[in-house]
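Each chain, letter by letter, is given below.
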Number of protein chains: 2
Amino acid sequence: MQLFYLNNLESNFLELPKEESNHCIKVLRMGIGDELHLTDGNGLLCKAKIITPDNKRCTVEITERNYNYQKRNHYLHIAVAPTKNIARLEWFLEKATEIGIDEITPIICEHSERTSINMERLDKIIVSAMKQSLKAYKPRLNEPIRILDFLKQPFEGKKYVAYCEGDDRVHLKNIYTPTTPALVLIGPEGDFSKQEVAEFIANNYVPITLGDCRLRTETAALAACFFINFMNE
Amino acid sequence: MQLFYLNNLESNFLELPKEESNHCIKVLRMGIGDELHLTDGNGLLCKAKIITPDNKRCTVEITERNYNYQKRNHYLHIAVAPTKNIARLEWFLEKATEIGIDEITPIICEHSERTSINMERLDKIIVSAMKQSLKAYKPRLNEPIRILDFLKQPFEGKKYVAYCEGDDRVHLKNIYTPTTPALVLIGPEGDFSKQEVAEFIANNYVPITLGDCRLRTETAALAACFFINFMNE
């Protein structure tokens, strides 16, 4: 099954973007009548067949529409501090998209060593992981935001924060209830500051641990993603 | 806590290798009497203090020995086909070491696109992940082996194989019993061949799934690692 991404699938007759046309005709050598799949990244998965196999402007006709394709039974938002080595954050985005995540917010913290990221590049990674893992929902990637501003935003569900120190922490597996919308905060390499932790508690974030191991930022973020999905399967 | 790796910690007075000496004295700027930790990668974690802060031949004295440091309650062996892009296998090794794994075997399958790997480089990645995540057990990395030869090797525990097709598969979470030693096979990008799958069944491997998502080889291997550790926590 070959999946292509077009953010608008309203019409039944569509032209693939130049890059996708080339991939479809030149790389995959598809021809007239060959079947492919399209998603709008918003839950819609369509079957389509090739009308004109042009490697710059390939046109297709939609033959079948499946709405809410493989819609998950829970909502997961992970807010994570961008890693100093951006490849580690990119890796997290790819894996989280494969496994299942709805929303990601890069948070800038007191101990953050990186405050700027290339959103376009990260978006490309998410799209390619979505296509590769045959998903019809594209995770939403928010603009980076300062942690104290992020805390002011409302969230309809349970809010958790993972950090390294503190005896008041509970393992995520012992407090998460399946199908509950979850927001999990993951700190930077230098962990959250004491002031930040105080703010989390004041804003009703539950302190959690993801196990006994000392995990890197991107590993902790992926662990949370695995746990939540695992508990909802 | 700074952790250093020396495969022999029998003596109480030790000289760190050149690279470690440099890291300790030049990079971390440690001096006489400063405390550091050492592991032999075999469960022994030692406290030590610096005697001679030489950046080529730093000597230390062991002041405390902890055996079976954070010994896990289960044994996990993952046999995985090396990925075409070796960075993906390296990434799995780093993450699996952080999360917890005992043994890894690269398996050469019918559909394997890669049959050779740089063992020395992979070993370095495992050691660095072990030190970074403060572990005292170094996962064992075996030489690559053809899958049909691997199947002939004995394993004292439950044997599972994850592949994409087939209705006879059960989710790992529904058949794994905590503390059971587990061996999990993960196939190459092109999945296992029909003949290989038949051999697995003949050799008492239980066909499993790791969820509904289509996962890349290295993601599936990590998913199995997460699941087994998660269920044993």
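Model, not experiment: these values are computed from the prediction.

Details of the nonpolar core
Next, step 1: In this structure, Ile-78, Phe-92 and Leu-210 of chain A together with Ile-78, Phe-92 and Leu-210 of chain B are the most contacted members of the largest nonpolar core, which totals 76 residues.
Next, step 2: Apart from residues no more than four positions distant in its own chain, Phe-92 of chain B is found in contact with Ile-78, Val-80, Ile-101, Ile-104, Glu-218, Ala-221 and Leu-222 of chain B.

With respect to the side chain of Glu-218 of chain B
Next, step 1: Mapped onto the elements of the fold, Glu-218 of chain B is located in helix α7 (residues 217-232).
Next, step 2: Looking at Glu-218 of chain B, its side chain comes within polar contact range of the side chain of Lys-95 of chain A, at 2.7 Å.
Next, step 3: The residues contacting Glu-218 of chain B, other than those within four sequence positions of it, are Glu-94 and Lys-95 of chain A together with Thr-83, Arg-88, Trp-91 and Phe-92 of chain B.

Comments concerning the relation of the copies chain B and chain A
Next, step 1: You can overlay chain B on chain A at an RMSD of 0.0 Å; the transform is a turn of 180° with a shift of 0.0 Å along its axis. These values place the two chain copies in the arrangement generated by a two-fold rotation axis. Closest approach to the rotation axis among the C-alpha atoms of chain B is made by Phe-226 of chain B, whose C-alpha sits 3.7 Å away.
Next, step 2: Comparing contact sets, 97% of the residues at the interface of chain B also lie at the interface in chain A, consistent with an isologous, same-surface contact.

Thoughts on helix α1 (residues 18-27) of chain B
Side chains that are three or four residues apart share a direction in an α-helix, a result of its 3.6 residues per turn.
All names here are of chain B.
Next, step 1: Taken residue by residue, α1 has Glu-20, Ser-21, Cys-24 and Ile-25 as its buried positions. Relative to the axis of α1, the buried residues are bounded by an arc of 110° and lie together on one face. In α1, those exposed residues whose orientation departs by more than 90 degrees from the buried face are Lys-18, Glu-19 and Lys-26.
Next, step 2: Two residues or fewer past α1, Arg-29 is found with a positive phi of approximately 55°.

Considering the side chain of Thr-39 of chain A
All names here are of chain A.
Next, step 1: Locating Thr-39 in the fold gives a position in strand β3 (residues 35-39).
Next, step 2: Residue Thr-39 is classed as buried on the basis of its relative accessible area, which comes to 0%.
Next, step 3: For Thr-39, the side chain forms a polar contact with the main-chain oxygen of Ala-136, separated by 3.2 Å.

So, the domain arrangement of chain A
Residues and elements named next belong to chain A.
Next, step 1: Taken domain by domain, chain A comprises domain 1 (3-66) and domain 2 (76-231).
Next, step 2: The distance between the C-alpha centroids of domain 1 and domain 2 comes to 33 Å.
Next, step 3: Contacts between the two partners involve 11 residues from domain 1, matched on the other side by eight residues from domain 2.
Next, step 4: For the domain 1 face of the interface with domain 2, the top three residues by lost area are Leu-3, Tyr-5 and Gly-41, together amounting to 62%.
Next, step 5: In this assembly, domain 1 and domain 2 are joined by one salt bridge.
Next, step 6: On inspection of domain 1 and its partner domain 2, the count reaches five residue pairs in polar contact (both at pLDDT 80 or more).

Reading guide: rules and limits
- Residues numbered from 1 in each chain as written.
- Chains lettered and ligands numbered in written order.
- Predicted model: local features only at pLDDT ≥ 70, side-chain atom pairs only at ≥ 80, totals over all residues.
- Heavy atoms only, no water.
- Core = buried A, V, L, I, M, F, W, Y, C linked by side-chain atoms within 4.5 Å.
- Buried < 20%, exposed > 50% of the residue type's maximum accessible area, 1.4 Å probe, protein only.
- Contact = heavy atoms within 4.5 Å.
- Helix = DSSP H or I, 4+ residues; strand = E, 2+ residues; numbered from the N terminus.
- Polar contact = N/O pair within 3.5 Å; in protein donor to acceptor, adjacent residues only side chain to side chain.
- Least-squares fit on C-alpha atoms with pLDDT ≥ 70 in both.
- Arc of directions from axis to C-beta.
- Domains from an automatic or database assignment.
- Buried area = accessible area lost by both parts, 1.4 Å probe.
- Salt bridge = Lys/Arg side-chain N within 4 Å of Asp/Glu carboxyl O.

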